[in-house]
Amino acid sequence: MRFTSAWGTRDVLDTTFVEPDLAAEISADTSVDRGRVYRHPIRYVRPCLEAAV
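Because the structure is a prediction, the values reported are computed rather than measured.

Caption draft 1: Region of the structure containing the overall build of the protein. Counting its secondary structure elements, the protein contains zero helices and two strands. Counting over 53 residues, the protein shows a buried share of 2%. In the protein, once contacts between residues fewer than 6 apart in sequence are set aside, the share between residues at least 24 apart is 23%. Total accessible area on the protein stands at roughly 5500 Å², and carbon and sulfur atoms take up 53% of it.

Caption draft 2: Spatial organisation of the pattern of salt bridges. This model, assessed by the stated rule, comprises two salt bridges. Of the charged contacts, one joins Arg46 and Glu50 as a salt bridge, the two residues approaching to 3.4 Å between their closest N and O atoms. For Glu50, a relative accessible area of 59% translates into the label exposed. Each of Glu25, Arg46 and Glu50 takes part in salt bridges that share partners, so that together they form one network.

Caption draft 3: Examining the environment of Arg39 more closely. In this fold, Arg39 is placed in the loop between β1 (24-27) and β2 (43-47). As a C-alpha pair, Arg39 and Asp29 span ten residues in sequence and 7.8 Å in three-dimensional space. The contact partners of Arg39, leaving out residues within four places of it in the chain, are Ser31, Val32 and Asp33.

The rules we used
Residues numbered from 1 in each chain as written. Predicted model: local features only at pLDDT ≥ 70, side-chain atom pairs only at ≥ 80, totals over all residues. Heavy atoms only, no water. Helix = DSSP H or I, 4+ residues; strand = E, 2+ residues; numbered from the N terminus. Buried < 20%, exposed > 50% of the residue type's maximum accessible area, 1.4 Å probe, protein only. Contact = heavy atoms within 4.5 Å. Areas by Shrake-Rupley, 256 points an atom, 1.4 Å probe, with all protein chains shown as cover. Salt bridge = Lys/Arg side-chain N within 4 Å of Asp/Glu carboxyl O.

Right, dumping it as structure tokens:
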């Protein structure tokens, strides 16, 4: 798999896949500004201890 650093760039990021030990609940907003930049950051809410990973 290849991952790029931003939309429209050809810079390829180095990737390391890992096995998760814990899942987390996050709060995210999909609002995007005219420059295609997300308006609000993703926020950590809590660990999901009941989630089977």
